[in-house]
Amino acid sequence: MLALLGATTLMLVAGRWVLPGASGEANLKPENVEIHIIDDNFFLKWNSSSESVKNVTFSADYQILGMDNWKKLSGCQHITSTKCNFSSVELENVFEKIELRIRAEEGNNTSTWYEVEPFVPFLEAQIGPPDVHLEAEDKAIILSISPPGTKDSIMWAMDRSSFRYSVVIWKNSSSLEERTETVYPEDKIYKLSPEITYCLKVKAELRLQSRVGCYSPVYCINTTERHKVPSPENIQINADNQIYVLKWDYPYENATFQAQWLRAFFKKIPGNHSDKWKQIPNCENVTSTYCVFPREVSSRGIYYVRVRASNGNGTSFWSEEKEFNIEMKTIIFPPVISVKSVTDDSLHVSVGASEESENMSVNQLYPLIYEVIFWENTSNAERKVLEKRTNFIFPDLKPLTVYCVKARALIENDRRNKGSSFSDTVCEKTKPGNTSKTWLIVGTCTALFSIPVVIYVVSVFLRCVKYVFFPSSKPPSSVDEYFSDQPLRNLLLSTSEEQTERCFIIENASVITEIEETDEIDEVHKKYSSQTSQDSGNYSNEDENSGSKISEEFPQQDSV
């Protein structure tokens, strides 16, 4: 009994063994189980609390989440250590969740299962170190990098061409002078010195997934002695209308040059692509430090260009590779725009290709979009439109207002916003609005109705003027009979055309004084004046009374 109690106490101190006296079963459960995945290598680690117990083994099973059939985990059956490698398990899909369980075994006794939380292998996987092969030149080191994992890796099968590699390089004599560069699987590290030992290490990255691998082992290599034929330097490419001009520097004369280019996407694919470099037209065996080749020989994309020199002593190494982006070198000419007033509140803007761009293939290689800027001529507030179409309508404008437009062409979906300069500014005035038309109609109608009124007023005015300044020349009948003599009658008629009434005061028989009193009223009005005016009545009376008085006074004068 004491022995049994002591044994039981010992197991409790050990922590995991439970040995019931009735059943005799042993229960030993693993602890702190961890999964480590590096590339296509799967490892399972755990801790055991029964190190003092001998003959304990461990076994693990797995299954795809959602399935009911547990399978034995190959490589992890009856393991005596606390680590196993189950890389040999052929997983069809590394993106599916997997469940693991592990237990301890001692003879016929087994512990309960320790179940690992389900996991996705791809998400748990770490990027391992890449394999690196080095080759030396006098001023460069050629790198050949194999992606992490095996050639038939299922973990990185979809990402092999997406890896980017970071290289840390330093002189072996001084680790303080480190420099870091980002390289492709097949690449060069330039700007080195001849006959120097350089060491480097490389790690792989998946930048879109923000995943960084671990560094490779350190590799060291010696650069060669200075080559007899130096390589060309300072490679430049310029665009000039329909041609490209490739230039470089070279210190010696009497050399010929050869230029090649490679499509950039080959750089991302692991492997040797030396056979993919192609000769640039018109750039083979040239004796000058430049060559010219037409635009049409290149299609859309990014290229790498390299040049080497040859003379009687041999051929140089290839120059430093220069990236050549067709999009960046493409010349896009500004468009031609026309503006037309459609209505009183809108303008129609048409954008067309210039004559220069019609002769080039840029519109066929790159789909263009147009940026149109529109503003009122007296204002700095601009409206911007960015569309692929070439016809624009700007509504809600002011009538009889000048608006200005300019436009430029851009390469669609270009991250660098490559485009042309702006076109010439074109201005146009909108048509009159409905208010102006209304006023025009009202003014026309008013003018039509005013013309008869004006004509009537003018005619009345002319009649008044004629009546005042140009009266009738015929004298009253009361005076006319006393001036029967033709000379005197003509004299009176020629002096004035006003109607006058003539009165005579006879002082003596031989003298007659004529008094004229101007009267602008007609014969009917003279009668009215004789009845209403006391003052004028002494001179203006009816014809008969005047005649009788005169005839009465003449005898009186005679008698005197």
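The structure this text deals with has already been given above.
Everything in this summary refers to the structure shown in the same document. (Residues numbered from 1 in each chain as written. Predicted model: local features only at pLDDT ≥ 70, side-chain atom pairs only at ≥ 80, totals over all residues. Heavy atoms only, no water.)

**Here we look at the state of the cysteines**
What we call a disulfide is simply a covalent bond connecting the sulfur atoms of a pair of cysteines. Taken as a whole, this structure holds 4 disulfides when the rule is applied. Residue pairing for Cys404: its cysteine sulfur links by disulfide to Cys427, the two sulfurs lying 1.9 Å apart. Judged by the sign of its S-S torsion, about 100°, the bond between Cys404 and Cys427 is right-handed. In this pair, Cys404 sits in strand 31 (residues 402–411) while Cys427 sits in strand 32 (residues 426–429), placing the two residues 23 residues apart along the sequence. Residue classification places Cys404 among the buried residues on the basis of a relative accessible area of 2%. (Disulfide = S-S within 2.5 Å. Helix = DSSP H or I, 4+ residues; strand = E, 2+ residues; numbered from the N terminus. Buried < 20%, exposed > 50% of the residue type's maximum accessible area, 1.4 Å probe, protein only.)

**Some points on the environment of Lys45**
Position of Lys45 relative to the elements: it lies in strand 2 (residues 41–47). With near-sequence residues (within four places) excluded, Lys45 lies in contact with Asn32, Val33, Glu34, His36, Thr82 and Lys83. (Contact = heavy atoms within 4.5 Å.)

**Thoughts on the side chain of Glu376**
Within the secondary structure, Glu376 sits in strand 28 (residues 368–376). Its relative accessible area of 17% is what places Glu376 among the buried residues. Those residues in contact with Glu376 that sit more than four places away from it in its chain are Ala381, Lys398, Thr401, Val402 and Tyr403.

**Some details on the packing of aromatic side chains**
Enumeration over the complete set of coordinates arrives at 18 aromatic pairs. Put simply, the rings of Phe95, Phe122, Trp156, Phe163 and Tyr165 pair up and form one aromatic cluster. Across the ring face of Trp70, the terminal group of Arg101 is positioned such that the distance to the ring centre comes to 4.3 Å. For the cation-ring pair, Lys406 lies above Phe422, with the distance from its terminal atom to the ring centre recorded as 4.8 Å. (Phe/Tyr/Trp six-rings, centres within 6.5 Å; stacked < 30°, edge-to-face > 60°. Lys NZ or Arg CZ within 6 Å of the ring centre and 35° of its normal.)

**Some remarks on the side chain of Asp39**
By the secondary structure assignment, Asp39 is in the loop between strand 1 (31–38) and strand 2. Here the side chain of Asp39 touches Gly128 through a polar contact of 2.8 Å, landing on its backbone nitrogen. At 3.3 Å, the side chain of Asp39 and the backbone nitrogen of Gly149 are in polar contact. Look past the residues within four positions of Asp39 in its chain and what remains in contact with it is Ala125, Gln126, Ile127, Gly128, Pro148, Gly149, Met155 and Trp156. (Polar contact = N/O pair within 3.5 Å; in protein donor to acceptor, adjacent residues only side chain to side chain.)

**Details of the nonpolar core**
Judged by nonpolar contacts, the single largest core of 49 residues is most densely connected at Leu44, Leu73, Leu100, Leu143 and Leu200. Top element by residues in this core is strand 15 (residues 197–206). It accounts for 5 residues. Excluding its chain neighbours within four sequence positions, the residues that come into contact with Leu44 are Val33, Glu34, Ile35, Ala60, Leu73, Thr82, Lys83, Cys84, Phe86, Leu100 and Ile102. Listed in part, the 22 residues of the second largest apolar core include Ile235, Tyr244, Trp248 and Phe324. (Core = buried A, V, L, I, M, F, W, Y, C linked by side-chain atoms within 4.5 Å.)

**Brief notes about unusual backbone geometry**
Phi at Asn254 is positive, roughly 55°, even though this residue is not glycine. Along the chain, the position of Asn254 falls in the loop between strand 19 (243–249) and strand 20 (256–263). According to the relative accessible area criterion, Asn254 is exposed, its value standing at 75%. Phi is positive for Asn285, which is not a glycine, with a value near 60°. Following the sequence through the fold, Asn285 ends up in strand 21 (residues 278–286).

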